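Residue strings, one per chain:
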Amino acid sequence: MSASRVLEQTLDDILSAIKPSQEDRIARNQIIDELQTIVRSMDIFRGAIVEPFGSFVSGLFTKWGDLDISIELPNGSHISSTAREWKKLMLSYLQLRLIGRYQKLQFISSARVPIVKFESRSISCDVSINNLSGQMKSKFMLWIKGIDERFGNMVLLVKEWAKAQEINNSKSGSFNSYSLTLLVIFHFQTCVPAILPPLKVNDLKGVRADVVRRITETCTANIARWKSNRYRLVNQSSLSELLISFFSKFSDISWKARDHAICPYTGKWEALRSNTRWILQTNAIFIEDPFEQSENAARTVKASLMMKISEAFETSYRRASSTYQTEASLLPGLARPRVLKALGRAPSRAGSSSGNHMRMNRSVAFDAASSSQVQQQFQNMSLQHRGQPRRSPRLFFDS
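Residues numbered from 1 in each chain as written. Predicted model: local features only at pLDDT ≥ 70, side-chain atom pairs only at ≥ 80, totals over all residues. Heavy atoms only, no water.

**Q** Teacher, can you tell me more about the sheet that holds strand β4 (residues 115–120) here?
**A** Hydrogen bonds between backbone atoms are what pair the strands of a sheet, whose relative direction is either parallel or antiparallel. Spatial ordering of the open sheet is given by β1-β2-β5-β4-β3, a layout of five strands whose pairing is mixed. Strands at the two margins of the open sheet, each flanked by one partner only, are β1 (49–53) and β3 (103–108). The sheet shows a mean angle of 25° between the axes of neighbouring strands, direction not considered. Relative to strand β2 (residues 67–72), helix α2 (residues 22–40) is tilted by about 30°, and along the sheet it contacts β1, β2, β4 and β5 (123–129). Sitting on the sheet, helix α4 (residues 84–98) is in contact with β2, β3, β4 and β5, with an inclination near 165° to β3. (Pairing = 2+ DSSP bridges. Helix = DSSP H or I, 4+ residues; strand = E, 2+ residues; numbered from the N terminus. Axes fitted to C-alpha atoms, helices over the stretch in contact; angles between N-to-C directions. Contact = heavy atoms within 4.5 Å.)

Below is the structure:
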């Protein structure tokens, strides 16, 4: 079996182990229904409805994924209508009502978005109030997922890989899941030919109903226009090829992030000094939130971990692109022990990039191609509509 086929089969196996079953979806819907019943019984939430958001809504969740829930208040038609302190008070009442019903219950009032956390059916749940921003971002990801089926699989694989490499934990100073998803979007925008266009998104300011209608109409129209463009060059890379070029593209991220921001809004690397919104940013890496361009989706990443992050990309690139790879050598670096166990493989720590696990077996001969060479290789891949000039992608969410 060829090296590329080995990697492709390995990725298929990982996806089969982490994708949710129908039972996983039912369990989450049951939690939502239970919480709705509780909320309806509380006078302080009279008229409120419980709505999920996050990866469950976008379809980018795994069987072990968290469940994000927003309690939408009837008087919260305007996004900023409910003050932060009032939200915290309401959540404190909710926490009291949930005592004895769920495990690991806690109220995190100091979070950027105050939440009540609990666990039910082994699923970690975060409850916030009037989180329209989270809901619209979730629907936005669902719309993007509908453009190209590789996007959803790529996000799941990258999240799992980042967990295996111990760089998907915002509490410890690495990436959160949203920033990893934006990295995948940016990769799909900057590969050749592009799979996704720049994401020029309307902001989330104004009356709730108007925001929802405006973004929904704009996204629907532009998705249809993008997919129906007969002159658009089609990227035919396999999932394994896209993952290798993803690792290659960000293998020097600790160096490049010093002077450049990752901008899904424009679909380009942008010089930090060229944008006044970013001049005062002191973060280790800036991944622009296309909904709020002044916000850094990777603000939790610590400078002290940037070298580890770069090494995770570089080590993974070398392993994935090696001509001597086997599933046994690939799996530990791409998935956590719980995934290996689900696949019936004996967990091994050899694939991790942290600590001593970064030491690679010197007897293994790796492919000598450099990251830049691989980037060029994917730029020269076979294209549909050969011989046609490459056309600039339209601005996807430009209204």
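Having seen the model, we can carry on.
**Q** Can you walk me through the packing of aromatic side chains in this structure?
**A** Taken as a whole, this structure holds 14 aromatic pairs when the rule is applied. An aromatic cluster of at least three residues, connected via ring pairs, comprises W161, F186, F246, F247, F250, W269 and F313. Sitting above the plane of the W64 ring, K63 keeps its charged end 5.9 Å from the centroid. One Lys or Arg, K256, reaches over the ring of W269 and ends 4.3 Å from the middle of that ring. (Phe/Tyr/Trp six-rings, centres within 6.5 Å; stacked < 30°, edge-to-face > 60°. Lys NZ or Arg CZ within 6 Å of the ring centre and 35° of its normal.)

**Q** What's the story with unusual backbone geometry in this structure? I'm lost.
**A** Trans peptide bonds make up most of the peptide bonds, and negative phi angles are found at most residues other than glycine. Each neighbour pair has its own omega, and for V192 with P193 the value is -5°, a cis peptide bond. Of note, P193 is situated in the loop between α7 (177–190) and α8 (208–228). Unusually for a residue other than glycine, K104 sits at a positive phi of about 50°. By the secondary structure assignment, K104 is in strand β3. Looking at K104, the relative accessible area reads 63%, which means it is exposed. Of note, the phi angle at S122 is positive, near 65°, even though the residue is not glycine. The topology assignment puts S122 in the loop between β4 and β5. (Buried < 20%, exposed > 50% of the residue type's maximum accessible area, 1.4 Å probe, protein only.)

**Q** Even after reading the chapter, I still don't get the pairing of strand β9 (residues 292–296), so can you show me in this structure?
**A** For strand β8 (residues 288–289) and β9, the ladder comprises two bridges, and the chain directions are antiparallel. Within the sheet, the bridge partner assigned to D289 lies in β9 and is E292. Following β8, the chain reverses through two residues before pairing antiparallel with β9.

**Q** So what exactly am I meant to see when it comes to the pattern of salt bridges here?
**A** Opposite charge on two side chains allows them to pair when their charged atoms are near. Following the criterion strictly, the structure yields 14 salt bridges and no others. With a closest N to O distance of 2.8 Å, E160 and R336 form a salt bridge. Linking E160 in helix α6 (residues 149–164) with R336 in the loop between α12 (327–334) and α13 (337–342), this pair joins segments that are 176 residues apart in sequence. Assessed through its relative accessible area of 16%, R336 is described here as buried. In this structure, E314 and R318 form a salt bridge, with 3.0 Å as the shortest nitrogen-oxygen distance. Separated by four residues within a single helix, E314 and R318 lie in helix α11 (residues 306–321), roughly one turn from each other. (Salt bridge = Lys/Arg side-chain N within 4 Å of Asp/Glu carboxyl O.)

**Q** Explanation requested: empty space enclosed by the protein in the structure shown.
**A** Picture a little ball the size of a water molecule; that probe, rolled over the atoms, points out where space is still empty. Scanning all chains against the criterion turns up two cavities of 30 Å³ or more. Approximately 80 Å³ is the volume attributed to the largest cavity. Along its surface, the largest cavity is lined by eleven residues, and S316, R319, L330, G333 and L334 are the ones closest to its centre. If you list the elements that add at least two residues to the lining of the largest cavity, you get α11 and α12. (1 Å grid on protein atoms, 1.4 Å probe; cavity = no way out; pocket = protein on both sides within 12 Å on 5 of 7 lines; lining within 4 Å. Points joined across faces, edges and corners; volume = space filled by probe spheres on them.)

**Q** I tried to follow the environment of A284 on my own but got confused; where do I start?
**A** Along the chain, A284 falls in the loop between β7 (268–271) and β8. When its relative accessible area of 18% is taken as the criterion, A284 is described as buried. Contact partners of A284, with chain neighbours within four places excluded, come to A257, V301, K302, A303 and M306.

**Q** Explain the pairing of β2 here, please?
**A** The side chains of a regular strand alternate, residue by residue, between the two faces of the sheet. Buried residues dominate β2, accounting for six of its six residues. Note: β1 against β2, five bridges, orientation antiparallel. Residue pairing for β2: I49 is matched across the bridge by E72. Strand direction decides the pairing type here: β2 and β5, joined by five bridges, are parallel. Residue pairing in the sheet places I69 in a bridge with V127 of β5.

**Q** How should helix α1 (residues 3–18) be read in this particular structure?
**A** Residue pairs three or four apart in sequence face the same way in an α-helix, which turns once every 3.6 residues. Its 16 residues place the ends of α1 23 Å apart at the C-alpha level, agreeing with the 22 Å of an ideal helix rising 1.5 Å per residue. Those residues of α1 that sit buried are V6, L7, E8, T10, L11, D13, I14, L15, A17 and I18. Those residues of α1 that are buried lie in contact with α6, α9 (239–249), α11, α12 and α13. (Expected span 1.5 Å × (residues − 1).)

**Q** I would appreciate a short explanation of the confidence of the model for the protein in the present structure.
**A** Parts of the prediction with low pLDDT should not have their coordinates interpreted in detail. When pLDDT is averaged across the protein, the result is 84; 80% of the residues are at 70 or more. For the stretch residues 349–399, pLDDT sits under 50, and the model shows 107 contacts to residues farther than four places along the chain or on other chains. (pLDDT = per-residue confidence, 0-100.)

**Q** Just checking my understanding: could you explain the packing of α9 against α11 for this structure?
**A** To characterise two packed helices, one gives the angle between the axes of the helices and the distance between these axes. At a minimum axis distance of 8 Å, the contact between α9 and α11 shows a crossing angle of 145°. When the axes of α9 and α11 are compared, the crossing they make is left-handed. Contacts between α9 and α11 involve I244, F246, F247 and S248 from the former and F313, S316, Y317, A320 and S321 from the latter. Residues of the contact of α9 with α11, tallied by class, amount to six nonpolar, three polar and no charged. (Left-handed = near helix turned anticlockwise from the far one by under 90°. Nonpolar A, V, L, I, M, F, W, Y, C, P; charged D, E, K, R; others polar.)

**Q** Honestly, the packing of helix α5 (residues 132–145) against α6 in this entry has me stumped. Any pointers?
**A** Two numbers describe how α5 lies on α6: the axes approach to 7 Å, and their chain directions differ by 125°. As far as their axial angle goes, α6 and α5 are oblique. Only E149, F151 and G152 of α6 make contact with α5, whose side of the interface consists of M141, I144 and K145. Split into classes, the residues belonging to the contact of α5 with α6 amount to three nonpolar, one polar and two charged. (Parallel < 35°, antiparallel > 145°, perpendicular 65-115°, else oblique.)

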